[in-house]
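Structural description and commentary
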Amino acid sequence: MRSLTLKLTLAFLLVGLIGAVLVAVLVRQRTQNEFGQFILDQNQQVLVTNLTEYYDVHGTWLGVESVFRPGFDYSFEQESPFSRWDSRRALFTIADAQGFIVFGGGPRDHGERLSRSELRQGITLELDGEPVGWLLFTPALERWEPGTPEGDFLLSVNRAIFLSALAATGIALLLGGFLAYTLTRSLRELTAATRQLAKGKLGHQVPVHSRDELGQLAASFNAMSTELAHSNELRRQMTADIAHDLRTPLSVILGYTEALSDEKLEPTPEMYAVIHTEAQHLSRLIDDLKTLSLADAGELPLIYQPIAPGDLLRRAADAQRVRAQAEHIEVEVQVQPDLPPVRVDVERMAQVLGNLVNNALRYTPAGGRIVLSAEAVNGEVLMHISDTGVGIASDDLPNIFERSFRGDKARQQKEGETGLGLAIAKSLVEAQGGRITVESAPGEGTLFTIHFPAPM
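Each value, and the rule that gives it
Residues numbered from 1 in each chain as written. Predicted model: local features only at pLDDT ≥ 70, side-chain atom pairs only at ≥ 80, totals over all residues. Heavy atoms only, no water. Axes fitted to C-alpha atoms, helices over the stretch in contact; angles between N-to-C directions. Helix = DSSP H or I, 4+ residues; strand = E, 2+ residues; numbered from the N terminus. Left-handed = near helix turned anticlockwise from the far one by under 90°. Contact = heavy atoms within 4.5 Å. Patch = residues over 30% accessible without salt bridge, like charges linked within 9 Å, V, L, I, M, F, W, Y side chains within 5 Å. Areas by Shrake-Rupley, 256 points an atom, 1.4 Å probe, with all protein chains shown as cover. Salt bridge = Lys/Arg side-chain N within 4 Å of Asp/Glu carboxyl O. Pairing = 2+ DSSP bridges. Phe/Tyr/Trp six-rings, centres within 6.5 Å; stacked < 30°, edge-to-face > 60°. Buried < 20%, exposed > 50% of the residue type's maximum accessible area, 1.4 Å probe, protein only. Expected span 1.5 Å × (residues − 1). Lys, Arg positive; Asp, Glu negative; His and termini not counted. Charge placed at Lys NZ, Arg CZ, Asp CG, Glu CD. Core = buried A, V, L, I, M, F, W, Y, C linked by side-chain atoms within 4.5 Å.

**A closer look at the packing of helix α7 (residues 346–363) against helix α9 (residues 421–431)**
- Close contact between α7 and α9 brings their axes to 9 Å; oriented N to C, the two are set at 145 degrees. The way α7 lies across α9 gives a crossing that is left-handed. On α9, the residues touching Arg348, Gln351, Val352, Asn355 and Leu356 of α7 are Gly421, Leu422, Ile424, Ala425, Leu428 and Val429.

Right under this line is the structure:
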C-alpha cells in the first residue's frame, strides 16, 4: 500500500467505523437497560399489589402463576410484560417468606432457596406488617421477545442504531476520501515540482491552496525554487564576469609575451610593469575566489580574539590615509566611549573594513569625507562606514552584495576591480556571526553598517 491517499482514507474509515460501532453498542446497551427499568418501574406497584392480594385471599403462593393469566380476577387489565407468565423467562422471581422460589427463577429451579444477600436485593411482600414473600426482578436485557410490544420497540431501536452506524460509516468514508485527496493534492504537486527541479527547471512554482502547514510548505518550496533560480542566474553571471576578468589581463600578458617571444617588441621597464600589474590583478581575483569558496563551504579559518571596535576602525583608516590625502578626501574616526570589545578574527575584519573604505574612496570625489564610527545600540556593537560620495542607485542597492555585481561596469573594468569585494565583506562578516547592511541614495553618499552582538 503505497498511496498516502488510500492510507488516509482507510484511517478515516477505520476511525469512523470504530466510533460508530462503539456508539451503537453503548446506545443499544443503555437503551435496553433504561427501557427495561422503565417497564419494571411502571408495573412494579401493580405487581406488588396483585401478589399481596393473591396471598391474602389464598394464604399460600401455590398457583400464583394464575395471577398473570388472562381472565383471572387479579390479572392485569391491560397488556403488560407481566401478563406473559412463562416462569422460565419471567422478568421477576417470587420467593416465599423463607426464601424458597415459588415462581420465576430463570435458570434456577422451583424450591431452591435464595441467599440472604439475594433477598436483600428484592422487595419485601408484606401482609398486615408481616413479610409473606419476596419479589426479585431479573435483568430485562434478554427478556423482551420479538412479537411483543416491548420486543418490537427494542428491535426498531436496534435497527435505527444499526442504520445510523452504517450511515455514519459511509459519511466517514466519503469525508475521509475527500480530506485525504485534499491533503495529498499539495504533496502530489510538490512531488511533481521536485522532479522538475531535479531536471534542472529551476524556479518552478506550485499553487498554494491553503494557509495551513501544507500551504506554508508550498510557499516555502516556491521561495526556495525562486532563490535557486536566482542563485543559478547569479552563478552564471559570476562565471561569465570572472571569465571576462580573467581573459582581459591574460590577453594583455599573452600579447606582450608573444611579442617579446617573436622579438617584435623590445623589452622595456614600462612593459614589465604592465605585465606585473595584470599578474597582480589575476592574483587578487584568484585570492578573492578562494576566500569566497572557503566561506561558502564553512571552511574559512578564523582566529577569534577580543578587540576594541575603535582599534579596528583606526587600523582601517590608517591603512588608507595616504591614498585619501592624495585624493583630497578627509577620513575621520569617531568611537563611542567605553564600547565593549568584539570577538572577531582581526585580520579578516581588517580585510572587510579595507574593502569598505577602499570602496568609499573609489566613489567619493575630491573634497569629500569618509567617517568610520562605532556605537552600542540595543545589545549590538555597530561599526559604520559612511561617505559623501555619489551614492548607489535604488535599483542597484538590493544587489550590491551579490558576486560580480557591477552598477557601473565601464568604470569598474577600467579600474581593474574583481567585483567580489562587497560579496567577500558580507561572507566574512556573516562567518563571524555578524551581519552587514547598507543605506544609500544617489548624490547623498552611502552608509555601510556592520552589526555584531555585544558580549554578555
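Having seen it, we continue.
**Some remarks on a nonpolar patch on the surface**
- Judged by side-chain polarity, Phe12, Ile171, Leu175, Phe178, Leu179 and Leu183 come together as a nonpolar surface patch covering roughly 550 Å² of accessible area.
- Broken down by element, the residue count for the nonpolar patch peaks at five residues, all from helix α3 (residues 149–198).
- Relative to the elements of secondary structure, Phe178 occurs in helix α3.

**Quick notes on the sheet that holds strand β1 (residues 92–96)**
- Overall, antiparallel pairing links the four strands, which are arranged β2-β1-β4-β3 in an open sheet. Two strands close off the open sheet at either side, each with one partner strand: β2 (101–103) and β3 (123–127). Pairs of neighbouring strands in the sheet enclose a mean axial angle of 35 degrees, with direction left out of account.
- Sheet analysis places β1 next to β2, joined by two bridges and oriented antiparallel. Paired with Ile94 across the two strands is Phe103, which belongs to β2.

**Quick notes on the sheet that holds strand β9 (residues 380–387)**
- One open sheet accounts for five strands, arranged β6-β8-β9-β11-β10; its pairing is mixed. Of all strands in the sheet, those with a lone pairing partner are β6 (330–335) and β10 (435–440), marking the two edges. The sheet shows a mean angle of 15 degrees between the axes of neighbouring strands, direction not considered.
- The sheet contact formed by β6 and strand β8 (residues 369–377) spans six bridges and is parallel. If you follow Glu330 over to β8, its bridge partner there is Arg369.
- Against the sheet, helix α6 (residues 309–326) makes contact with β6, β8 and β9, and its axis sits at roughly 175 degrees relative to β6, the strand it touches most.
- Against the sheet, α7 makes contact with β8, β9, β10 and β11 (446–453), and its axis sits at roughly 165 degrees relative to β11, the strand it touches most.

**What about the packing of aromatic side chains?**
- Counting across every chain of the model gives two aromatic pairs.
- For the ring pair Tyr55 and Trp61, a centre distance of 4.9 Å and an interplane angle of 40 degrees mean the geometry is tilted.
- Note on Trp61: relative accessible area 6%, which makes it buried.
- Measuring from centroid to centroid gives 6.1 Å for Phe401 and Phe448, while their planes differ by 80 degrees, and the two rings are edge-to-face. Here Phe448 lies in strand β11 and Phe401 lies in the loop between β9 and α8 (409–415), a separation of 47 residues in the sequence. Phe448 shares its class with Phe401; the two are buried.

**Concerning helix α5 (residues 269–297)**
- The first and last C-alpha atoms of α5 sit 42 Å apart over 29 residues, in line with the 42 Å expected at 1.5 Å per residue.
- Directly beyond the C-terminal end of α5, a positive phi value near 70 degrees is found at Gly298.

**Here's the deal with the pairing of β1**
- Judged by how many residues are buried, β1 sits mostly within the fold: five of five residues are covered.
- Neither face of β1 is left uncovered, since the one carrying Phe92, Ile94 and Asp96 and the one carrying Thr93 and Ala95 both have all their residues buried.
- Sheet topology note: the β1/strand β4 (residues 130–137) ladder contains five bridges and is antiparallel. What sits directly across from Ala95, in β4, is Trp134.
- Between the antiparallel neighbours β1 and β2 lie four residues, among them Gly99 with a positive phi of about 95 degrees.

**What to know about the pairing of β8**
- Inspection of the sheet shows β8 paired to β9 by eight bridges, in the antiparallel sense. By the bridge assignment for β9, Val371 is matched with Ser386.
- Counting the residues that bridge the hairpin from β8 to β9 gives two residues, and of these Asn378 lies at a positive phi of roughly 50 degrees.

**Description of the environment of Ala97**
- Structurally, Ala97 is set in the loop between β1 and β2.
- For Ala97, a relative accessible area of 36% puts it in the partly exposed group.
- Sequence separation between Ala97 and Glu130 is 33 residues, and the spatial gap between their C-alpha atoms is 9.3 Å.
- Discounting chain neighbours no more than four positions away, the residues touching Ala97 are Pro131, Val132, Gly133 and Trp134.

**Considering a negative patch on the surface**
- A cluster of acidic side chains, namely Glu53, Asp56, Glu126, Asp128 and Glu130, defines a negative patch on the protein surface.
- By the element assignment, Glu126 lies in strand β3.

**Looking at the nonpolar core**
- Counting 45 residues, the largest nonpolar core has Leu312, Leu372 and Ile450 as its most contacted members.
- For this core, the leading source of residues is α7, giving eight residues.
- Setting aside its immediate chain neighbours within four residues, Leu312 contacts Ile307, Val342, Val344, Val346, Met349, Leu353 and Met383.
- One finds Leu47, Leu51, Ile94 and Leu127 within the second-largest nonpolar core, a separate group that totals 13 residues.

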